[in-house]
Amino acid sequence: QVQLVESGGGLVQAGGSLRLSCAAPGRTFSSYTMGWFRQAPGKEREFVALIWSDGTTNYATSVKGRFTISRDNAKNTVYLQMNSLKIEDTAVYYCAATAFRMLLTTPSRYEYWGQGTQVTVSS
């Protein structure tokens, strides 16, 4: 069963922007590391961005400078602001949460996942 719920995906023109949201259970949200992953058709799920409980962030090289991950603990929500979108950003985007604090660019380190939201970038 899914533990998180993503929203905000859709169709956008190349160069445009989109903001994804992820709603999480409130009990332990503030202490968890939150991550975003994506998976394109026929490809492995890949790391996009993460944010630790103290607000420190990390990004995949492919999105650095274009995407921003943030969290609002009062709303139990994590966001992914995506700017300057490229066609190659097209994928299903997944939100994930984990109590671990190291080796967090690997999907298997995450305990909770959302159902995914489709992002399609066209020219």
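For the structure itself, consult the block above.
Residues numbered from 1 in each chain as written. Predicted model: local features only at pLDDT ≥ 70, side-chain atom pairs only at ≥ 80, totals over all residues. Heavy atoms only, no water.

J.: Which parts of the structure should I look at to understand the overall build of the chain?
T.: Per the secondary structure count, the chain includes zero helices and 11 strands. Along the chain, helices (α) and strands (β) appear in the sequence β-β-β-β-β-β-β-β-β-β-β when read from the amino end. Its C-alpha radius of gyration of 13 Å places the chain within 12% of the 14 Å reference for a compact globule of 123 residues. The principal-axis extent of the C-alpha atoms belonging to the chain is close to 40 × 30 × 30 Å. Sequence separation of at least 24 residues holds for 58% of the intrachain contacts in the chain that already meet a minimum separation of 6. For the chain, the exposed area adds up to about 6500 Å²; of that, 49% sits on carbon and sulfur atoms. Positive and negative side-chain charges of the chain, numbering 12 and 8 respectively, have mean locations separated by a distance of 3 Å. (Helix = DSSP H or I, 4+ residues; strand = E, 2+ residues; numbered from the N terminus. Rg over C-alpha atoms; globule rule 2.2 N^0.38 Å. Contact = heavy atoms within 4.5 Å. Areas by Shrake-Rupley, 256 points an atom, 1.4 Å probe, with all protein chains shown as cover. Lys, Arg positive; Asp, Glu negative; His and termini not counted. Charge placed at Lys NZ, Arg CZ, Asp CG, Glu CD.)

J.: What should I look at first to understand the environment of Gly-8 in this one?
T.: Along the polypeptide, Gly-8 turns up in the loop between β1 (5-7) and β2 (10-13). Separated by 29 residues in sequence, Gly-8 and Phe-37 have C-alpha atoms that sit 15 Å apart. Residue contacts for Gly-8: discarding those within four places in its chain leaves Leu-18, Arg-19, Leu-20 and Thr-117.

Function cannot be read off these values alone, since they describe shape.
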